[in-house]
Amino acid sequence: AQSVTQPDIHITVSEGASLELRCNYSYGATPYLFWYVQSPGQGLQLLLKYFSGDTLVQGIKGFEAEFKRSQSSFNLRKPSVHWSDAAEYFCAVGALDSSYKLIFGSGTRLLVRP
Amino acid sequence: NAGVTQTPKFQVLKTGQSMTLQCAQDMNHNSMYWYRQDPGMGLRLIYYSASEGTTDKGEVPNGYNVSRLNKREFSLRLESAAPSQTSVYFCASSGGGGREVHSDTQYFGPGTRLTVL
């Protein structure tokens, strides 16, 4: 069965600094990979998704993610963080044999220092 | 365009009480979902509905029932609430039906924060 691991529970970065959030997945074939963001008190919003093709995926709000098959990773990056990026970020994997579900990681909470 | 709406936003129940969480979407989506979110555990799927009249169990269905009332509405019922059901509940929808869920973008409501005493 597929699984998703987000090893960092919290990350703190200074405003203007670069950001990388880690995501590792377990699945035998190429999965469908997603990053969602949850602002405080809000539901989740899709940032980007990867199905196939170019392994570097661009998303909304200046985020990008890179699929690395050899490392089973799909890390999220942003070159310069803004205070409004403070939120919780979830990586998710969907697969053809997942019986109608996405598997979400446990999330990484991003704090931004002024 | 409201997207996915959920009511209520907050609810406090006593053990053994029942309640229904309401969800509606105005995007003409086929699929709808109920998740619960607990600290450190991400989102876990409770129930899923591929289309009006169909429902399927997710990862954690025990203690819950659902009704897909029509294409727009998908409700979640707790028949006898337990403290273990204290959580934040999210409804979501996506355009595809059936097995497209693995590739579909899901759109989430703002959540219902439920406390069971």
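Just so you know, these numbers come straight off a predicted model, no measurement behind them.

Scoring rules and cut-offs
- Residues numbered from 1 in each chain as written.
- Chains lettered and ligands numbered in written order.
- Predicted model: local features only at pLDDT ≥ 70, side-chain atom pairs only at ≥ 80, totals over all residues.
- Heavy atoms only, no water.
- Buried < 20%, exposed > 50% of the residue type's maximum accessible area, 1.4 Å probe, protein only.
- Helix = DSSP H or I, 4+ residues; strand = E, 2+ residues; numbered from the N terminus.
- Pairing = 2+ DSSP bridges.
- Salt bridge = Lys/Arg side-chain N within 4 Å of Asp/Glu carboxyl O.
- Contact = heavy atoms within 4.5 Å.
- Polar contact = N/O pair within 3.5 Å; in protein donor to acceptor, adjacent residues only side chain to side chain.
- Nonpolar A, V, L, I, M, F, W, Y, C, P; charged D, E, K, R; others polar.
- Disulfide = S-S within 2.5 Å.

Participant: What's the story with the pairing of strand β5 (residues 32-38) of chain A in this structure? I'm lost.
Facilitator: Across a regular strand the side chains alternate sides, sitting on one face of the sheet and then on the other. All names here are of chain A. The element β5 is extensively covered by neighbouring structure, given that six of its seven residues are classed as buried. Looking at chain direction, β5 and strand β10 (residues 87-94) are connected through seven bridges and run antiparallel. Bridging across to β10, Phe34 finds its partner in Ala92. The pairing of β5 with strand β6 (residues 44-50) spans six bridges and is antiparallel. By the bridge assignment, Tyr36 is partnered in β6 with Leu46. As consecutive antiparallel partners, β5 and β6 are separated by five residues, and within that stretch Gly41 has a phi angle of approximately 75°, a positive value.

Participant: Help me understand the pattern of salt bridges, please; the structure alone is not making it clear to me.
Facilitator: When the charged atoms of two side chains with opposite charge come close together, those side chains can pair. Residues and elements named next belong to chain A. By the definition in use, this model includes eight salt bridges over all chains. Arg77 is paired through a salt bridge with Glu66; the nearest N and O atoms lie 3.1 Å apart. Of this pair, Arg77 sits in strand β9 (residues 73-78) while Glu66 is found in strand β8 (residues 64-68), placing the two residues 11 residues apart along the sequence. Between Lys78 and Asp85 there is a salt bridge; the shortest N-O distance is 2.8 Å. Across the pair, exposure class does not vary: Lys78 and Asp85 are buried alike. Put simply, Glu64, Glu66 and Arg77 are held in one network by salt bridges that share partners.

Participant: Help me out: how do you make sense of the interface of chain B and chain A in this one?
Facilitator: Residue-level contacts link 23 residues of chain B with 22 residues of chain A. Counting across the chain B and chain A interface gives zero salt bridges. Here chain B and chain A share three residue pairs in polar contact (both at pLDDT 80 or more) between them. Contributing elements (two or more residues each) for the side of chain B that touches chain A: β4 (31-37) and β5 (43-49) of chain B. Counted by class, the side of chain B that touches chain A contains 10 nonpolar, nine polar and four charged residues.

Participant: Is there a simple way to think about the state of the cysteines in this case?
Facilitator: Covalent bonding between the sulfur atoms of two cysteines is what defines a disulfide. Tallied over the entire structure, the rule returns two disulfides over all chains. The disulfide bridge from Cys23 of chain A ends at Cys91 of chain A, spanning 2.0 Å between sulfur atoms. Taking the torsion about the sulfur-sulfur bond, which here is approximately -65°, the covalent link between Cys23 of chain A and Cys91 of chain A counts as left-handed. Linking Cys23 of chain A in the loop between β3 (19-21) and β4 (24-26) with Cys91 of chain A in strand β10, this pair joins segments that are 68 residues apart in sequence. Grouping residues by exposure puts Cys23 of chain A and Cys91 of chain A together as buried. The disulfide partner of Cys23 of chain B is Cys91 of chain B, and the S-S distance across this bridge is 1.8 Å. For the disulfide bridge between Cys23 of chain B and Cys91 of chain B, the dihedral angle about the S-S bond is near -75°, and by the sign convention the bridge is left-handed. Taken together, the positions of Cys23 of chain B in strand β3 (residues 19-25) and Cys91 of chain B in strand β9 (residues 87-94) put the pair 68 residues apart, joining distant regions of the chain. Here Cys23 of chain B falls in the buried class, since its relative accessible area comes to 2%.

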